[in-house]
Amino acid sequence: MRYDTIIVGAGPAGLAAGIYAARGTLKVLIMEKAGIGGQIATSWEIENYPGSPPDSTGPGLTERMRQQCEEFGVEFATKTYLRSHQTEAGFIVETDSGSIETQTIIMATGAEPKPIGCKGERELRGMGVSYCATCDANFFKGLKVAVIGGGDTALEEALYLTKFAAEIIIIHRRDELRGAKILQQRIRENEKISLLLDSVVEEIKGNGQVEGIVVKNVKTDELTDVSLDGVFVFAGQKPNSEAFVGLLERDARDYLITDDEMRTNIPGIFAAGDVRRKSLRQVVTATADGAIAAVNVIKYIEEPK
Ligand code: NAP
């Protein structure tokens, strides 16, 4: 089976690319190793995607994108991308369950949460250490939790946690938060949330379950023990670009390098969404990337070779 384009990843970038490519009459396969939706599948509220209704959720929005893909004839497959080889006619994509021929590829593999790397974090993952409030907040009803990070994700997830936890401490390594001003204002107005600035978590303690953390003040080096039940880490993301090492150019932070038309260093391979180097990683920029990549795939296929 030969496709015009294989899209690797079914987050907003991959789904938007699918809609545009299939609507442009290409034969399209979207492969995804787990469920559709990418990172926003764990986002409880999407309030800044233009035109989305007030109660939009990540899963709701991406489910509608998936339906649109199917309406235009996109095929979906649960497969893990392993590597690809260039051929005269395009590429062979090797997956964990067979090889597929395609003329072009769009890499839309997204990014994933970055650990902070402190003692106890890995050992207690899933035992009170979480990277997704939407998934795990329910386990912390009436309890005390820490949120690590000062960016948009940390602030949004801390606000979400107020629906469940009794007390939330936001721990941030700088003297001011980094997230949007409107979120900062909501944080400061919320009685359940307190801020611990200029601070990093040195250790997460617990025996089979989080029991507390050791916090270091970065200005004074003073260490403080804090008893609590859960730690939510929102310390940014790392791109899912490992599979492309040796094939595609990456920057110093491992994001794929593309031009404004989403072209990578290999003609016929494009990249879209959070996996590529860019200044703003949002659903709206991911979908825009997907559309641009798909339109350029169509142009590439039509170009005389
Ligand atoms: P981010 O903006 O990179 O913020 C990560 C936070 O974690 C920063 O405050 C960073 O501190 C801190 N951090 C990083 N490594 C750490 C470590 N080892 N120990 C302690 N703290 C650490 O990441 P994000 O919040 O996930 O957002 C990613 C992108 O998505 C951003 O562009 C953001 O605007 C966007 N986003 C937008 C929305 C929205 O608009 N609704 C929602 C979520 C995300 P420093 O500040 O010191 O670097």
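Model, not experiment: these values are computed from the prediction.

*Asks:* Would you take a moment to explain the overall build of the chain for this structure?
*Replies:* For the chain, the helix and strand inventory stands at six helices and 17 strands. Projecting the C-alpha coordinates of the chain onto the three principal axes gives extents of approximately 65 × 40 × 30 Å. A burial count over the chain gives 48% of its 305 residues as buried. Taking contacts inside the chain between residues at least 6 apart in sequence as the whole, the part at least 24 apart equals 59%. For the chain, the accessible area works out to roughly 15,000 Å², and carbon and sulfur atoms hold 48% of it.

*Asks:* Would you explain the side chain of Q184 in this entry?
*Replies:* Within the fold, Q184 resides in helix α5 (residues 181-189). Owing to a relative accessible area of 9%, Q184 belongs among the buried residues under this scheme.

*Asks:* What am I meant to see in a positive patch on the surface here?
*Replies:* On the surface, a cluster of positive charge is contributed by K114, R173, R174, R178 and R253. With respect to the helices and strands, K114 occurs in the loop between β7 (111-113) and β8 (129-130). Judged by relative accessible area, K114 falls into the partly exposed class, the value being 36%.

*Asks:* I tried to follow the sheet that holds β8 on my own but got confused; where do I start?
*Replies:* Backbone-to-backbone hydrogen bonds join strands into a sheet, with any given pair of strands oriented parallel or antiparallel. Taken together, the five strands give an open sheet; going across it, the order is β8-β15-β9-β10-β11, and neighbouring strands pair in parallel fashion. Strands at the two margins of the open sheet, each flanked by one partner only, are β8 and β11 (193-196). Taken together, the four bridges between strand β10 (residues 167-171) and β11 define a ladder with parallel strand orientation. When the sheet's bridge partners are listed, I169 is paired in β11 with S194. Here helix α4 (residues 152-161) sits on the sheet in contact with β9 (144-148), β10, β11 and β15 (230-233), set at roughly 165° to β9.

*Asks:* How should I be thinking about the environment of D175 in this particular structure?
*Replies:* As for its position among the elements, D175 is in the loop between β10 and α5. Counting along the chain gives 23 residues from D175 to D198, while the straight-line C-alpha distance between them is 5.1 Å. Excluding residues that lie within four positions of it along the chain, D175 makes contacts with L197, D198 and K219.

*Asks:* Where do I start with the nonpolar core in this structure?
*Replies:* Among soluble globular proteins, nonpolar side chains are generally buried collectively. In this structure, I7, L26, V28, I30 and I106 are the most contacted members of the largest nonpolar core, which totals 30 residues. Of all the secondary structure elements, the ones that give two or more residues to this core are α1 (12-23), β2 (28-32), α2 (58-71) and α6 (283-302). The leading source of residues in this core is α6, at eight residues. Setting aside chain neighbours within four positions, we find I7 in contact with G14, A17, G18, V28, L29, I30, M31, I106 and A108. Counting 21 residues, the second largest nonpolar core, distinct from the first, contains A133, A137, V145 and F234.

*Asks:* Can you help me understand the packing of aromatic side chains in this one?
*Replies:* Aromatic rings considered in pairs are described by the distance between their centres and by the relative angle of their planes. In the structure shown here, the tally under the stated rule is five aromatic pairs. Where F140 meets F232, the ring centres are 5.3 Å apart and the plane angle is 70°; that geometry is what we call edge-to-face. Of the two residues, F140 is situated in the loop between α3 (133-136) and β9 and F232 in strand β15; the sequence distance between them amounts to 92 residues. One exposure class covers both F140 and F232, and it is buried.

*Asks:* Would you explain the pattern of salt bridges in this entry?
*Replies:* Pairing between side chains of opposite charge can happen when their charged atoms approach one another. Per the counting criterion, the structure on display carries 16 salt bridges. As a salt-bridge pair, E203 and K119 come within 3.8 Å of each other at their nearest N and O atoms. Taken together, the residues E203 in strand β12 (residues 199-206) and K119 in the loop between β7 and β8 connect sequence positions 84 residues apart. Overall, the relative accessible area of 57% leaves K119 in the exposed class. Of the charged contacts, one joins K144 and E167 as a salt bridge, the two residues approaching to 3.9 Å between their closest N and O atoms. Of the two residues, K144 sits in strand β9 while E167 sits in strand β10, which places them 23 residues apart along the sequence. One continuous salt-bridge network, built from bridges that share partners, spans E63, R66 and E70.

Rules behind the numbers
Residues numbered from 1 in each chain as written. Predicted model: local features only at pLDDT ≥ 70, side-chain atom pairs only at ≥ 80, totals over all residues. Heavy atoms only, no water. Helix = DSSP H or I, 4+ residues; strand = E, 2+ residues; numbered from the N terminus. Buried < 20%, exposed > 50% of the residue type's maximum accessible area, 1.4 Å probe, protein only. Contact = heavy atoms within 4.5 Å. Areas by Shrake-Rupley, 256 points an atom, 1.4 Å probe, with all protein chains shown as cover. Patch = residues over 30% accessible without salt bridge, like charges linked within 9 Å, V, L, I, M, F, W, Y side chains within 5 Å. Salt bridge = Lys/Arg side-chain N within 4 Å of Asp/Glu carboxyl O. Lys, Arg positive; Asp, Glu negative; His and termini not counted. Charge placed at Lys NZ, Arg CZ, Asp CG, Glu CD. Pairing = 2+ DSSP bridges. Axes fitted to C-alpha atoms, helices over the stretch in contact; angles between N-to-C directions. Core = buried A, V, L, I, M, F, W, Y, C linked by side-chain atoms within 4.5 Å. Phe/Tyr/Trp six-rings, centres within 6.5 Å; stacked < 30°, edge-to-face > 60°.

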